[in-house]
There are 4 protein chains.
Amino acid sequence: MTLERASAWAKYRKVRAWTEYLAEPLSDEDQCVQAMADASPTKWHLGHTSWFFETVVLRQFWPELSVYDAQFLYLFNSYYESLGPRQPRPQRGLITRPSVAQVKAYRAHVDAHIQAFIQRCDLTDWVLAFQAIELGLNHEQQHQELILTDVKYLLHQNPFGAVYRPQAGLVALHPQPLHCASHQATQHAPPRWLPFAGGLHSMGYTGHGFCYDNETPRHSVYLYPFEFASRLITCGEYLAFIEDGGYQNPAHWLSEGWSVVQACQWLAPLYWKQDTHGCWHVFTLHGELPLDLDQPVSHVSYFEAAAFASWANARLPREAELEVAFSEVEGGRSSDLQQAFGACWQWTSSSYDAYPGFKPFEGAVAEYNGKFMVGQLVLKGSSCVTPEGHSRASYRNFFPPSARWQFSGIRLARDL
Amino acid sequence: MTLERASAWAKYRKVRAWTEYLAEPLSDEDQCVQAMADASPTKWHLGHTSWFFETVVLRQFWPELSVYDAQFLYLFNSYYESLGPRQPRPQRGLITRPSVAQVKAYRAHVDAHIQAFIQRCDLTDWVLAFQAIELGLNHEQQHQELILTDVKYLLHQNPFGAVYRPQAGLVALHPQPLHCASHQATQHAPPRWLPFAGGLHSMGYTGHGFCYDNETPRHSVYLYPFEFASRLITCGEYLAFIEDGGYQNPAHWLSEGWSVVQACQWLAPLYWKQDTHGCWHVFTLHGELPLDLDQPVSHVSYFEAAAFASWANARLPREAELEVAFSEVEGGRSSDLQQAFGACWQWTSSSYDAYPGFKPFEGAVAEYNGKFMVGQLVLKGSSCVTPEGHSRASYRNFFPPSARWQFSGIRLARDL
Amino acid sequence: MTLERASAWAKYRKVRAWTEYLAEPLSDEDQCVQAMADASPTKWHLGHTSWFFETVVLRQFWPELSVYDAQFLYLFNSYYESLGPRQPRPQRGLITRPSVAQVKAYRAHVDAHIQAFIQRCDLTDWVLAFQAIELGLNHEQQHQELILTDVKYLLHQNPFGAVYRPQAGLVALHPQPLHCASHQATQHAPPRWLPFAGGLHSMGYTGHGFCYDNETPRHSVYLYPFEFASRLITCGEYLAFIEDGGYQNPAHWLSEGWSVVQACQWLAPLYWKQDTHGCWHVFTLHGELPLDLDQPVSHVSYFEAAAFASWANARLPREAELEVAFSEVEGGRSSDLQQAFGACWQWTSSSYDAYPGFKPFEGAVAEYNGKFMVGQLVLKGSSCVTPEGHSRASYRNFFPPSARWQFSGIRLARDL
Amino acid sequence: MTLERASAWAKYRKVRAWTEYLAEPLSDEDQCVQAMADASPTKWHLGHTSWFFETVVLRQFWPELSVYDAQFLYLFNSYYESLGPRQPRPQRGLITRPSVAQVKAYRAHVDAHIQAFIQRCDLTDWVLAFQAIELGLNHEQQHQELILTDVKYLLHQNPFGAVYRPQAGLVALHPQPLHCASHQATQHAPPRWLPFAGGLHSMGYTGHGFCYDNETPRHSVYLYPFEFASRLITCGEYLAFIEDGGYQNPAHWLSEGWSVVQACQWLAPLYWKQDTHGCWHVFTLHGELPLDLDQPVSHVSYFEAAAFASWANARLPREAELEVAFSEVEGGRSSDLQQAFGACWQWTSSSYDAYPGFKPFEGAVAEYNGKFMVGQLVLKGSSCVTPEGHSRASYRNFFPPSARWQFSGIRLARDL
């Protein structure tokens, strides 16, 4: 095996192993149940990510290989219309069979054949196959984050709470706790405002590594001078908004957001709970903890982020602004902007639209990103549960404005 | 231990063991998922039936004994308002913890303490305690039937079918297959019509064994002469209704039934499926089988039963008529009326109303039956999945008119 | 014209004129809008009752006569599947055209042709035609009551209230006000309990006048001794139930009723409103009035009636019991039972099932009653808005247990 | 009165008269009913536009004047949270009182007092008051278009169709028919592709007349070279998409659009209907007409517009591109781009986001535009029912991507 192939295989093994590490603390029951249509069972994530490699790598480049199980093509297709019918998303949790063990066997089969394929693939195929494997690994990393956000949502349905992993047991393998809490220096001081210059800027991926189709092509945008808060909004600052009647005052809210607040009776971010003594607690992957006022607020919807910004006499960032600023962080040119990556995804006021000249991936994966470009907002940065090395300044995460089960937080911006 | 107590304990063990036998073929995943609001997970049935003994026997008669787990009082209370808040019924499937293993440990705890209690209970308590245990066992038998109907519904959601138990493997322990199919002599010949006399009859439980509050008091009813078909309607006869356009012709349907037919696009009983060659198949607990035309039709709603009866120029039985007829079967006074018990529950046209002078059980179990006396119809007899010895002529099963996931069939009646 | 025909025509004119009198205070807008699926616009009632005469009399017995307007056959068919497709019930309020004026012209056309038909109909047809006209008039009277209940519901949607007719202006034509209030002697004294004997009784229509198919055949029923409250429950008595926490205590409620109470946040009968000073007001066809504690409570659902009865240590009457008692009132054999007719319909605990030997009307009107015999409860008596002479002891009104927009009240019963 | 004031009054009279002209062919019933939550009754539009003048002009600048009717402040407030509670939008059609006549009296009152106010207003107030009147008139023009789109939707609910105005009767007062059909030269020839240069452009309102807050501030945007089709897509071209299986092929659709197509069973634009011979008809304000293949297709959602563009190997315009191109038309610098205004609103792929530096209007009307800036897409141009002089190149219309009841069509764009 060439060094390049050996390195690809090593990376494959590492990413795949991390997925299984994430599933490890979960019983078969935990891995099977679906708590809401948007959140998939862990077992489904395990199967789907393997199906992705079978579909995009093995079946493309090794057509003689038999399909592992024709039923899995139906069960683990997420949303690819061109690949045929599939289990409806809200019914992924009804699949008690295949079992978790059978899905793990499927993973092992795929892993073994990817290894064999990396060895046997001829040179002409390798360039494309390597790209497909890269895509599969980045895809798997996205599902690693979803496993944690979806499990958190599921365990929260348990009326008596449930712990994914105790806080202590985590240190060795994952130095960063899975709740935003406590992994960053405390934030007593008010944020500073950091200025950025206007004018013609470039955005979109530049580099030689992997990126998604939606990050391209790199293109020019005209920006006006702006400033960013040096850090994310803390739970304490968000609590001040709550205590100032933020959830009772329509003046700060988008019309649709205000409807949601009333229909769903939102009074605080998802996972916050006030006890009868008025103390606030927050549900985390380590179970319920007292609210730490110095940690970044997380699990807020776009509607809440925008209302908070209005209340704070500021605004949310535009995507291009955040990309320009995060590029400086990435390039080591700015040390003042904290929490760009690794704390919370940061809502932008920019709709998830196609870049000028956008071309989707070719083949089945043309459906990967482009067909979701309506009704969603871009989030930039990454969160405490984003796998190491997965994000970058040009990365475009996106969710509908009412989504709260992701680790989504708030950075404020202002015009200069 | 007296003989009476020894016999009570033996019966307890036997009934409880049967519940566990029923759960045996199911994985933890199968036992955890809830496929619709009306159908509960097997794990919940396992927990709830134990909770019932803890609540109705142990906590009543052995108050010094600590509660096993206060959370279980919340999780496994079904609908007893007087016993406090409870897990909402449609969310029983979100409870991945406690695990199946933990619920089994709870069962073992309850069993051990029931055994100890039977030994230690003083004489004055025993009369009432014995009745409470009897109620608990009859209650558990009801849930045994529900485990099978609910699991059948769940496994049917699997797009590729799923087998609860292979047909062969069942014989030793349960001589009667779990699908209506094949356990009765074939039914080529048309049914005979058996006449019954009118006049003043009695209905309601008479005897010295256990019965539910809703079967009492025994009382007089005036009936007009009628006749019954000697056996249940077969799949073949029902197919003739389908092929005659029964599901397309509103003339035979109750108004609300016709709305349901159109809204839910019913074309046949639940679990029937027609393949592209026009052949009919039926999903059973043994997996999908070819439709056996000679077996009794099952899994029809009241709406379908009533439409079929109209199409057949007959009517459905009244509850009192069936009770009179089944009492003759029970008393060995009639050998002509077949399939009174053990095939399918038989829809009656009688609403589930209180008998004159009805008094609910006392205490928390006052909620057992009385509060459901509206909007439901009585079914008489028993089904192929009703536990041996559980039913009787005066037994009153009841479901809403659109329910189809029970083993419910059709016996025709006519005025004389 | 014979005297019989002249008399039929006179009765026809009188009933039809009353319908128009009821519509008189309403603007075209009031007559067009539909406030909920169960309540139809007045214009629709005006058209439908004329369509009924055109369909059941003119088209049956005068086939050469052209259809007035083929579109009206679609628009004004209520639920007769055998007469073809029809405007969906929840969309009756979208029909702004034909206008009220056009529907009135349709009424005039039907009236003129019914008059001509009565004169020209040959002797052999007359017997059947007379019965069809009788049915049409009784049908129209049912819609007269519905016009008022439906308009009341509509005007109540107006956030500022709205008056159907001022209380004063009504006296000449309708000596009885349209709200239950004030038309009966005040009810300070507690009701007396009047005993009735058990044994074999007869129920079902007996006589030579008109009755519906559902009132036949007359048949025997066995009753146990019972007693009735001499009058209906008053608003004051119902208020005591409210003030005793009746709407907060599940112990008195049927399971389904309790679900409705919580889902719909019921705190009092429909049309009751408590102001900020704690005073209760009630919306009537004369506008909002202070609650009169001595009047019979009205606009309660079956669920509320049953809960009140449980709270009062009594029960609701069975249909047969009320029919036996009302027959005595009708026959002048009892002067102690007050408010049998003309105050509020009285909920019974009897499901609306077919009588033994029930045969629907023949022809299209077979759908009149029989197809609704599931999921509903019988109400006996009549209300303050039931047309004079429309009801009788054997009359069977029926509504689902959650219906509140009818003038439905409570009479208590007890076993003896 | 100064000339300026006289001119303001003349404009006011003209705009207000046009609203009443639009309501003229409608009966009181037509004006009262609400066919869906998004479409308001004409009567409500008549009241709301008067309420707007009372609120924004009279109550602001003439505080001594009494409120006309306090109930109207509740009934005719559309969505202004800062002005207090209001009739819920989906229940606007339940308001049968006040009547159409009473709402017209309200209009007359407002008109008389606006006239008096224009005369008596002192000089210092006049500048602001003039702006408020201008806003009121532009607001009223928006509702003029909505009256027609909402009435069209209502009349289409009538199962037998209904005519708003016959085609012939319209010519004198409104030279342009209210259906897109026939008011533009026929479009046999394929469209030409017109190129536009990239680079730094300006967008946003520039001029001295009225504009909305959302059109400001004028700002720079960077565009890449593009080309536009010289005219809108015709019904014939859209029919080719339908006949090529466009509504059956998910490949062209956004994911959410494909869900809507299936859930709502869309097969063609709103108002299109295919008869049993395969001929297409279209419902218009003049009633149902044969489909004219040469007219611009209208009443398509964003989802359909985007799917068509994908099928045609093109894309939808960005807002800035259309604004640049329409500015040339407006400035008389381009005669090749047809149907910029007066045919159909043109969907853009640009989300309705705030411009850099956007500041809402001050006071209550701050809620006019800003709070809707999420989940909607911009449409540019104007339609055949947009009032003369109401639109301009910088105008930003906006609707959710599934909206079809507006006169919305398709212009194609391509990258150069």
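Refer to the structure presented above.
Residues numbered from 1 in each chain as written. Chains lettered and ligands numbered in written order. Predicted model: local features only at pLDDT ≥ 70, side-chain atom pairs only at ≥ 80, totals over all residues. Heavy atoms only, no water.

Participant: Provide a residue-level description of the sheet that holds strand S7 (residues 287–290) of chain B, including the pertinent values.
Facilitator: Residue and element names in this part refer to chain B. Strand order in the open sheet formed by three strands is S5-S6-S7, and the pairing between neighbours is antiparallel. Strands with a single pairing partner mark the edges of an open sheet, and in this sheet they are strand S5 (272–274) and S7. Neighbour-to-neighbour, the strand axes of the sheet open up by a mean angle of 35°, direction not taken into account. Pairing geometry for S5 and strand S6 (residues 280–284), over three bridges, is antiparallel. Pairing of Trp272 across the sheet is with Val282, part of S6. Helix H7 (residues 235–243) rests against S5 and S6 of the sheet, and its axis sits at about 55° to S5. (Pairing = 2+ DSSP bridges. Helix = DSSP H or I, 4+ residues; strand = E, 2+ residues; numbered from the N terminus. Axes fitted to C-alpha atoms, helices over the stretch in contact; angles between N-to-C directions. Contact = heavy atoms within 4.5 Å.)

Participant: Talk me through the pairing of strand S1 (residues 193–196) of chain A; I want residue IDs and the actual numbers.
Facilitator: All names here are of chain A. Of the two faces of S1, only the one carrying Leu194 and Phe196 is buried; Trp193 and Pro195 on the other face are not. Pairing geometry for S1 and strand S4 (residues 226–229), over four bridges, is antiparallel. Paired with Leu194 across the two strands is Phe228, which belongs to S4. (Buried < 20%, exposed > 50% of the residue type's maximum accessible area, 1.4 Å probe, protein only.)

Participant: Break down empty space enclosed by the protein for me, citing the residues and quoting the values.
Facilitator: Using the criterion set out here, one finds 17 cavities of 30 Å³ or more in the structure. In this structure, the largest cavity occupies an estimated 130 Å³ of space. Lining the largest cavity are 19 residues, and of these Ser351, Gly375 and Gln376 of chain B together with Ser351 and Gly375 of chain C lie nearest its centre. The wall of the second largest cavity is formed by 15 residues, among which Ser351, Gly375 and Gln376 of chain A together with Ser351 and Gly375 of chain D lie closest to the centre. Among the residues forming the lining of the second largest cavity, the class breakdown is eight nonpolar, six polar and one charged. (1 Å grid on protein atoms, 1.4 Å probe; cavity = no way out; pocket = protein on both sides within 12 Å on 5 of 7 lines; lining within 4 Å. Points joined across faces, edges and corners; volume = space filled by probe spheres on them. Nonpolar A, V, L, I, M, F, W, Y, C, P; charged D, E, K, R; others polar.)

Participant: Could you give me a rundown of the side chain of Lys371 of chain A, with the residues and numbers involved?
Facilitator: All names here are of chain A. Relative to the helices and strands, Lys371 resides in the loop between strand S8 (345–351) and strand S9 (377–380). Residue classification places Lys371 among the buried positions, given a relative accessible area of 11%. Side-chain polar atoms of Lys371 contact the side chain of Glu367, separated by 2.6 Å. (Polar contact = N/O pair within 3.5 Å; in protein donor to acceptor, adjacent residues only side chain to side chain.)

Participant: Requested: an account of the interface of chain C and chain B, with residues and values cited.
Facilitator: Between chain C and chain B, the contact holds 31 residues from the first and 31 residues from the second. Of the roughly 2,200 Å² buried between chain C and chain B on both sides combined, carbon and sulfur atoms contribute 57%. Taken together, chain C and chain B are joined by zero salt bridges. One can count nine residue pairs in polar contact (both at pLDDT 80 or more) joining chain C with chain B. Listed by contribution, the elements that provide at least two residues to the side of chain C that touches chain B are strand S3 (219–223), helix H8 (255–264), helix H9 (302–311) and strand S8 (345–351) of chain C. Taken together, the residues that form the side of chain C that touches chain B break down as 17 nonpolar, eight polar and six charged. (Buried area = accessible area lost by both parts, 1.4 Å probe. Salt bridge = Lys/Arg side-chain N within 4 Å of Asp/Glu carboxyl O.)

Participant: Summarise the relation of the copies chain C and chain B; cite the residues concerned and give the values.
Facilitator: Of the two same-sequence chains, chain C is brought onto chain B (RMSD 0.0 Å, axial shift 0.0 Å) by a rotation of 180°. Taken together, the rotation and translation describe the operation of a two-fold axis. The rotation axis passes nearest to the C-alpha of Gly375 of chain C in chain C, at a distance of 2.5 Å. (Least-squares fit on C-alpha atoms with pLDDT ≥ 70 in both.)

Participant: Which residues make up the arrangement of the chains, and what values do they have?
Facilitator: The smallest C-alpha distance separating chain A from chain C is 14 Å, and no contact links them. Regarding chain B and chain D, which are not in contact, the minimum distance between any of their C-alpha atoms is 14 Å.

Participant: So, the state of the cysteines: which residues are in play, and what are the values?
Facilitator: All names here are of chain C. What the rule picks out here adds up to zero disulfides over all chains. Cys235 provides the cysteine sulfur closest to Cys279, a residue in no disulfide bond, and the two sulfurs are 15 Å apart. For Cys279, a relative accessible area of 40% corresponds to the partly exposed category. (Disulfide = S-S within 2.5 Å.)

Participant: Which residues make up the sheet that holds strand S5 (residues 272–274) of chain D, and what values go with them?
Facilitator: Residues and elements named next belong to chain D. On the basis of which strands lie adjacent, the open sheet formed by three strands has the order S5-S6-S7 and antiparallel pairing. Both outer strands of the open sheet, S5 and strand S7 (287–290), are each paired with one neighbouring strand and no more. Averaged over all neighbouring strand pairs, the angle between strand axes comes to 35°, with direction disregarded. Helix H7 (residues 235–243) contacts S5 and strand S6 (280–284) of the sheet and is inclined by roughly 55° relative to S5.

Participant: So, the relation of the copies chain B and chain A: which residues are in play, and what are the values?
Facilitator: The pair of chain copies shares a relation made of a rotation about an axis and a shift along it. Here chain B sits on chain A after a turn of 180° about the axis and a move of 0.0 Å along it, with an RMSD of 0.0 Å. Both copies share a contact surface, since 100% of the interface residues of chain B are interface residues in chain A too.

Participant: Before we move on, could you go through the pairing of strand S9 (residues 377–380) of chain D and cite the residues and values that matter?
Facilitator: Residue and element names in this part refer to chain D. Residue alternation in S9 divides its side chains into two sets, Leu377 and Leu379 and Val378 and Lys380, and both sets are buried. Where strand S8 (residues 345–351) meets S9, three bridges bridge the pair, whose relative direction is antiparallel. Counterpart to Ser351 in the pairing with S9 is Leu377. Sheet topology places S9 next to strand S10 (residues 397–399); three bridges connect them, and they run antiparallel. Note that in S10 the partner of Leu379 across the bridge is Asn397.

Participant: An account of H7 of chain D is requested, with residue identities and associated values reported.
Facilitator: Residue and element names in this part refer to chain D. When H7 is considered as a whole, its buried residues turn out to be Cys235, Tyr238, Leu239, Phe241 and Ile242. Along the long axis of H7, the arc covered by the buried residues comes to 155°, so they all point the same way. Contacts made by the buried residues of H7 are with S5, S6 and helix H9 (302–311). Backbone geometry just downstream of H7 places Gly245 in the positive-phi region, at approximately 80°. (Arc of directions from axis to C-beta.)

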